[in-house]
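Given next are the chains, with one letter for each unit.
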Amino acid sequence: MSEDIFTRLENRAKEIGARIVFPEGEDDRILRAAAALDKNGIAKPIILGDPAKIESAASACGADISGIPTAFPKESDRLEEMAEAYCAMRSRMKEKIALRLMKKPLFFGAMMVRMCEADGMVGGASCATTSVLQAAGLAIGYEEGVPCPSSVMLMKIPRFLGGGDKFIAFADPAVTVDPSPEELAAIAVQSGCTFRRILGEEPVVALLSFSSKGSAAHAHVDKVKKATELARGMGADFPIDGEFQADAALVPRVAARKIKEESEVAGRANVLVFPDLNSANIAYKLTQYLAGARAIGPILQGFRKPVNDLSRGCTVDDIVQVAILTSVIAGGAH
Amino acid sequence: MTDSVKTRLIKIVSETLEVPVEEIKPEHRFVEDLDAESIQSIELMAAFEEEFDIEMDEDEAMEVKTVGEAIEFVEKCIREQK
């Protein structure tokens, strides 16, 4: 893979031309990113916020946002229609309270995605991840059979096992702290799908533990075994197996010694599903700093439509990259 | 903790989470004791905003875990915004 991953993804995003809504349109970083996405034909941004504040922030930072559609959630004539649609999804929700929610830019943006007026949402530059997850979970909802949102980090490993660079996905390093077997199974399937959507490569999913196919006995191992069994029953069209130690999942030589049964995954995995957020988060940071791997993400997954979260310290380039990833996911399978 | 805020807030919690008013105590945690879905807190917050005609800061509101803390937070918002 000689071409830089983001050059490839950017070209794909250009083909897709996704409409990406940015709820934090009064932030100059968002405006500069939106201007770059628009100018370079990477995506079709939609900016939310107070028009006067957007205008003054844009002129202060020199972002050319002429031609980019904007909407002001607090005064939009779409509020009632959105509130009605929201009440139809949430039993016991009163229209007055739904109207309050729709005036919040994250909810307005998420409802635009729900109502197919945008293809994806990118938020979180000035709010907590929890706020993004709540708005997306309530207004867009989860994919069928998915009990919780999760995330995946794409790691570009330099000179993997002495060969060329290789992409390996780590899940879930950012959202679900201690997933149940059912949640872990969904994370495994979702992560395989995300890997394929972004890279166009076939996923080979391993559920990791400190045990390889029964080499150790503990409740923590039982959780991963149960999750593996559930994930394999979810009808994914790519191989999923476990429980494996990381070396048995990644290294053919180790897999040949440790795994005595037939497995399409042992020694070939490119999607690693960790038993909890502790292990996934520690593993990706160690890989990033000890192995010099490039970390791309976290990419959110599990929602019916793509939504991604920014860190509060994000740069304009970070926002552009997250918008590219969101567009590529919105574009579906390669 | 003024009684009127407490009574009105508990009524909203009762309606939103379908828990009888008499079973809701200030020390109750929304998620663990009252079975709120964790993503529902924003809906509760919007309901409080509507009832008391206030704006709540989302980041600060996320720190609220119990009914008593919610009452105190609403009272603080009322004091600051009236």
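Residues numbered from 1 in each chain as written. Chains lettered and ligands numbered in written order. Predicted model: local features only at pLDDT ≥ 70, side-chain atom pairs only at ≥ 80, totals over all residues.

Student: Account for the overall build of chain B, naming residues and giving values.
Tutor: Check the secondary structure of chain B and you find four helices and zero strands. Each helix and strand of chain B, placed in order from N terminus to C terminus, yields the pattern α-α-α-α. Over its C-alpha trace chain B gives a radius of gyration of 11 Å, about what one expects of a compact globule, namely 12 Å for 82 residues. Along the three orthogonal principal directions, the C-alpha set of chain B runs to about 30 × 25 × 20 Å. Evaluated residue by residue, chain B yields a buried proportion of 29% over its 82 residues. Sequence separation of 24 or more characterises 57% of the internal contacts of chain B that already satisfy a separation of 6 or more. (Helix = DSSP H or I, 4+ residues; strand = E, 2+ residues; numbered from the N terminus. Rg over C-alpha atoms; globule rule 2.2 N^0.38 Å. Buried ≥ 20, exposed ≤ 12 C-beta atoms within 10 Å, placed from the backbone. Contact = placed C-beta atoms within 7 Å.)

Student: Explain the overall build of chain A to me, using residue names and the numbers behind them.
Tutor: Across its full length, chain A carries 13 helices and eleven strands. Here the C-alpha atoms of chain A give a radius of gyration of 21 Å, agreeing with the 20 Å that 2.2 N^0.38 yields for 334 residues. Structurally, chain A occupies a C-alpha span of about 65 × 50 × 30 Å along its principal axes. Considering chain A as a whole, with its 334 residues, one finds that 52% of them fall into the buried category. The long-range fraction of contacts in chain A, counting pairs at least 24 apart against all pairs at least 6 apart in sequence, stands at 71%.

Student: I'd like to hear about the interface of chain A and chain B, residue by residue, with values.
Tutor: Quoted interface sizes are often the accessible area lost when the parts come together. On the chain B side, the residues contacting the 13 residues of chain A number eleven residues. Those elements that place two or more of their residues in the side of chain A that touches chain B are helix 5 (95–102) and helix 7 (129–139) of chain A. Per-element tally for the side of chain A that touches chain B: the top contributor is helix 7 of chain A, with six residues. In terms of residue class, the side of chain A that touches chain B is made up of six nonpolar, four polar and three charged. (Nonpolar A, V, L, I, M, F, W, Y, C, P; charged D, E, K, R; others polar.)

Student: Lay out the sheet that holds strand 5 (residues 150–157) of chain A with the relevant residues and their values.
Tutor: All names here are of chain A. Across the sheet, six strands lie side by side as 8-7-9-6-5-10; this open sheet has mixed pairing. Every interior strand has two partners, whereas the edge strands, strand 8 (240–244) and strand 10 (294–301), have only one. Direction aside, neighbouring strands of the sheet carry axes that sit 25° apart on average. By the bridge criterion, three bridges tie strand 7 (residues 205–208) to strand 9 (residues 271–273) in an arrangement that is parallel. In the strand pairing of strand 9, Ala206 is matched with Leu272. Set on the sheet, helix 12 (residues 277–290) makes contact with strand 5, strand 6 (166–171) and strand 10; between it and strand 6 the angle comes to about 155°. (Pairing = 2+ DSSP bridges. Axes fitted to C-alpha atoms, helices over the stretch in contact; angles between N-to-C directions.)

Student: I'd like a description of the sheet that holds strand 2 (residues 44–48) of chain A, backed by residues and values.
Tutor: Residues and elements named next belong to chain A. Across the sheet, which stays open at both edges, the five strands sit in the order 3-2-1-4-11 with parallel pairing between neighbours. Of all strands in the sheet, those bounded by a partner on one side alone are strand 3 (70–71) and strand 11 (307–309). In terms of strand pairing, strand 1 (residues 19–22) meets strand 2 through four bridges, oriented parallel. Bridge pairing in strand 2 links Arg19 to Lys44.

Student: Kindly report on the environment of A:Val175, identifying the contributing residues and their values.
Tutor: Residue and element names in this part refer to chain A. Looking at where Val175 falls in the secondary structure, it is placed in the loop between strand 6 and helix 8 (181–199). Owing to 23 C-beta atoms within 10 Å, Val175 belongs among the buried residues under this scheme. Distance in space between the C-alpha atoms of Val175 and Pro149 is 7.1 Å, their sequence separation being 26 residues. Non-local contacts of Val175, meaning those with residues more than four positions away in its chain, are made with Pro149, Ser150 and Ser151.

Student: How would you summarise the nonpolar core if you had to cite specific residues and measurements?
Tutor: All names here are of chain A. Core analysis: the biggest nonpolar cluster contains 129 residues, and Phe170, Ala188, Leu272 and Val273 have the highest contact counts within it. Among the domains, domain 1 (5–141 + 304–330) and domain 2 (150–296) are the pair contributing at least three residues each to this core. Ignoring anything within four residues of it in the chain, the contact list for Val273 reads Ala171, Leu184, Ile187, Ala188, Ser191, Val205, Ala206, Leu207 and Leu208. (Core = buried A, V, L, I, M, F, W, Y, C linked by C-beta atoms within 7 Å. Domains from an automatic or database assignment.)

Student: Requested: an account of helix 6 (residues 105–114) of chain A, with residues and values cited.
Tutor: Residue and element names in this part refer to chain A. Buried residues dominate helix 6, accounting for ten of its ten residues. Those residues of helix 6 that fall on the buried side of the exposure criterion are Pro105, Leu106, Phe107, Phe108, Gly109, Ala110, Met111, Met112, Val113 and Arg114. As for helix 6, its buried residues are in contact with strand 1, strand 2, helix 4 (79–89), helix 5, strand 4 (120–123) and helix 7. Two residues or fewer past helix 6, Cys116 is found with a positive phi of approximately 60°.

Student: Provide a residue-level description of the environment of A:Thr176, including the pertinent values.
Tutor: All names here are of chain A. Of note, Thr176 is situated in the loop between strand 6 and helix 8. The exposure class of Thr176 is buried, given the 21 C-beta atoms found within 10 Å. If sequence neighbours within four positions are ignored, Thr176 has contacts with Cys148, Ser150, Glu183, Ile187 and Leu277.

Student: Before we move on, could you go through the pairing of strand 1 of chain A and cite the residues and values that matter?
Tutor: All names here are of chain A. Regarding topology, helix 2 (residues 28–39) serves as the crossover connection from strand 1 to the parallel strand 2, and that connection is right-handed. Of the strand pairs in this sheet, strand 1 and strand 4 are connected by two bridges, and their pairing is parallel. Residue Ile20 lies in a different strand from strand 4, and its bridge partner there is Gly120. (Right-handed = clockwise from strand over helix to strand, strands pointing away.)

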